[in-house]
Amino acid sequence: MLSYFQRLGATSLGMFERLGRGSVFFVNILLSIPSVIVRPRLLIAQIYFVGVLSFSLIVISGLFVGMVIALQGFYTLSDFGAEGMLGVMVAASLIRELGPVVSALLFAGRAGSALTAEIGLMKATEQLSGMEMMAVDPVARIMAPRFLAGLISMPILATLFSAVGVMGGYFIGVGLLGIDEGGYWSQMQAKIDFSQDVVNGLIKSVIFGWVVTWIAVFEGHDAIPTSEGVSRATTRTVVHSAFAILLLDFILTALMFGDI
Amino acid sequence: MHISRSIEILVGFFVALGFVAMFFLSMEVSNLSSVNGDDGYDITASFENVGSLKVRAPVAMAGVNVGRVTAINFDPETFEAVVTMSIEARYNQLPSDSNASILTAGLLGEQYVGLEPGGEEEVLEEGSELELTQSALVLEQIIGQFLFSSESEEE
């Protein structure tokens, strides 16, 4: 009986310890951000790896998600003779929810796992220790640029996802299903509010970008330096990011849109 | 680490595309292009019943949007709903005896406030109150009245 409690205690202590280490690590990253600003080339290279290489994945997914919403939405809305609202439905669901959430999930799978594996392997092959030996701070040189790159890329990717999705909905709605083109845009403009919808979606994507890159970089930094440890850390990055994104999305949605 | 010029160019394109998408979302998808900031004046009107009028509903005169509903409050003394509307500053020549009615866009559409111009020389300004108002039509009441009147005709 006592051994169960012991195991529970050990698990929770381990969780809190990781959380504490993660927070300290995050503060260290924040403190070394000035050194990244001094050397923006490091940041640009990371934006390329994290953001630009995720571009095609995000655009293609966004296009298809928008097209699917248009098809499915048309099916339901046409029962009420409200096909004109299709634009509102596509835009609202993309900008408020699917843009930030789906692109963050894809981002965690595409870029987050790569970050963890890269940093974990650097640790396993003792490149990080080597840097410390040369008095180069690995947090400032390796982690902080990757963290900042994720933070910058994520809102851009989410915005692209929403914009491409709206265009996808337009192709299906107006091109294939024959909805009035003017109605698609004008209803959308009438119903989608800039500060309520667009800005809140942007805030969501910034927060998701922060969480995903934080988890990814920390897992890499915290990985056990063996091939098994790196593979576990990569898995944890994707799983924890997905959990964190969905949980935070619920909390943020309740805070932002709860009173409507 | 050496990064080539083409990577920098691609990153530049990427960030620029992000801004283009943001611009698209704000101008084409959302209502930013039709919002003219806060440079309007507020007027109020009391209604016996506002139906399902919502804050941010449009205020229209002759079918053209001239403002938005900014607040709907209940006055506990007169038992009426006080609707505050913000009218765009460029529409500053509306007669002060204009009347306001709550209308519905289409059969099932949202409700909005329709203004009809009066004949006064004075114009509406910040804080003016519209005296003449017409409440929202509540569908159940109309159906009830219709049934009642058709029954009494048969007798």
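Residues numbered from 1 in each chain as written. Chains lettered and ligands numbered in written order. Predicted model: local features only at pLDDT ≥ 70, side-chain atom pairs only at ≥ 80, totals over all residues. Heavy atoms only, no water.

1. Side note on the pattern of salt bridges
Residues and elements named next belong to chain A. Counted according to the given criterion, the structure contains twelve salt bridges over all chains. The salt bridge involving Arg-18 is made with Glu-219; its shortest N-O contact spans 2.8 Å. Taken together, the positions of Arg-18 in helix α1 (residues 2-31) and Glu-219 in helix α9 (residues 194-222) put the pair 201 residues apart, joining distant regions of the chain. On the basis of relative accessibility, which here comes to 2%, the residue Glu-219 falls in the buried class. Between Glu-97 and Lys-204 there is a salt bridge, with its nearest N and O atoms 2.9 Å apart. With Glu-97 in helix α5 (residues 86-124) and Lys-204 in helix α9, the pair connects residues that are 107 residues apart, well separated along the chain. Shared partners join several salt bridges into a network, and the residues in it are Glu-17, Arg-18, Arg-21, Glu-219, Asp-222 and Arg-236. (Salt bridge = Lys/Arg side-chain N within 4 Å of Asp/Glu carboxyl O. Helix = DSSP H or I, 4+ residues; strand = E, 2+ residues; numbered from the N terminus. Buried < 20%, exposed > 50% of the residue type's maximum accessible area, 1.4 Å probe, protein only.)

2. Focus on the side chain of A:Thr213
All names here are of chain A. Checked against the element boundaries, Thr-213 lands in helix α9. Residue Thr-213 is classed as buried on the basis of its relative accessible area, which comes to 1%. Apart from the residues lying within four places of it in its own chain, the contact partners of Thr-213 are Phe-107, Leu-115, Arg-146, Phe-147, Gly-150 and Leu-151. (Contact = heavy atoms within 4.5 Å.)

3. Focus on the confidence of the model for chain A
For chain A, per-residue confidence averages 89 on the pLDDT scale, and residues scoring 70 or more make up 99% of the total. Here helix α8 (residues 181-191) of chain A stands out as the least confident element of chain A, with mean pLDDT 80; helix α4 (residues 55-77) of chain A is the most confident, with 92. (pLDDT = per-residue confidence, 0-100.)

4. Some thoughts on the domain arrangement of chain B
Assigned domains within chain B: domain 1 (1-30) and domain 2 (41-143). One C-alpha centre belongs to domain 1 of chain B, the other to domain 2 of chain B, and the line joining them spans 44 Å. (Domains from an automatic or database assignment.)

5. Focus: α5(A)
Approximately 55° is the largest bend angle found in α5(A), and it occurs at A:Leu94. A:Glu126 lies just past α5(A) and shows a positive phi near 60°. (Bend = angle between axes of the 7 residues up to and from the residue.)

6. Notes on empty space enclosed by the protein
Here the structure, examined in full by the defined rule, presents one cavity of 30 Å³ or more. Its volume calculated, the largest cavity comes out at about 80 Å³. At the level of elements, α5, α7 (138-176) and α9 of chain A together with α1 (5-29) of chain B are the ones that each hand at least two residues to the lining of the largest cavity. Its residues assigned to classes, the lining of the largest cavity shows eight nonpolar, four polar and no charged. (1 Å grid on protein atoms, 1.4 Å probe; cavity = no way out; pocket = protein on both sides within 12 Å on 5 of 7 lines; lining within 4 Å. Points joined across faces, edges and corners; volume = space filled by probe spheres on them. Nonpolar A, V, L, I, M, F, W, Y, C, P; charged D, E, K, R; others polar.)

7. Re the nonpolar core
Formed by 73 residues in total, the largest nonpolar core has its most connected members in A:Met143, A:Val166 and B:Val29. Ranked by residue count, the leading element in this core is α7(A), at 18 residues. Among residues more than four places away in sequence, those in contact with A:Val166 are A:Val90, A:Ala91, A:Leu94, A:Tyr184, A:Trp185, A:Met188, B:Phe24 and B:Val29. In this structure, B:Phe47, B:Val50, B:Val83 and B:Val113 belong to the second largest nonpolar core, which totals 23 residues. (Core = buried A, V, L, I, M, F, W, Y, C linked by side-chain atoms within 4.5 Å.)

8. Here we look at the interface of chain A and chain B
Listed by partner, the interface residues are 31 residues for chain A and 24 residues for chain B. Taking both sides of the interface into account, the surface hidden between chain A and chain B amounts to around 2500 Å²; carbon and sulfur atoms contribute 77%. Contact with chain B buries surface across chain A, with A:Arg41, A:Gln189 and A:Phe194 losing the most and accounting together for 22% of the total. At the boundary of chain A and chain B, one finds one residue pair in polar contact (both at pLDDT 80 or more). Among the elements of the structure, α3 (40-50), α5, α7, α8 and α9 of chain A are those that each provide at least two residues to the side of chain A that touches chain B. (Buried area = accessible area lost by both parts, 1.4 Å probe. Polar contact = N/O pair within 3.5 Å; in protein donor to acceptor, adjacent residues only side chain to side chain.)

9. Remarks on the pairing of strand β6 (residues 111-116) of chain B
As defined by bridge partners, strand β2 (residues 58-61) of chain B adjoins β6(B) across three bridges and the pair is classed as parallel. From the neighbouring strand, B:Met61 faces β6(B), where its bridge partner is B:Leu115. (Pairing = 2+ DSSP bridges.)

10. Some words on the layout of surface pockets
Residue and element names in this part refer to chain A. Reported here for the second largest pocket is a volume of approximately 570 Å³. Taken together, 15 residues make up the lining of the second largest pocket; nearest its centre are Leu-19, Trp-214, Ile-215, His-240 and Ala-244. Put simply, the parts of the chain that give the lining of the second largest pocket at least two residues each are α1, α9 and α10 (227-257). Tallied by class, residues from the lining of the second largest pocket come to eleven nonpolar, two polar and two charged.

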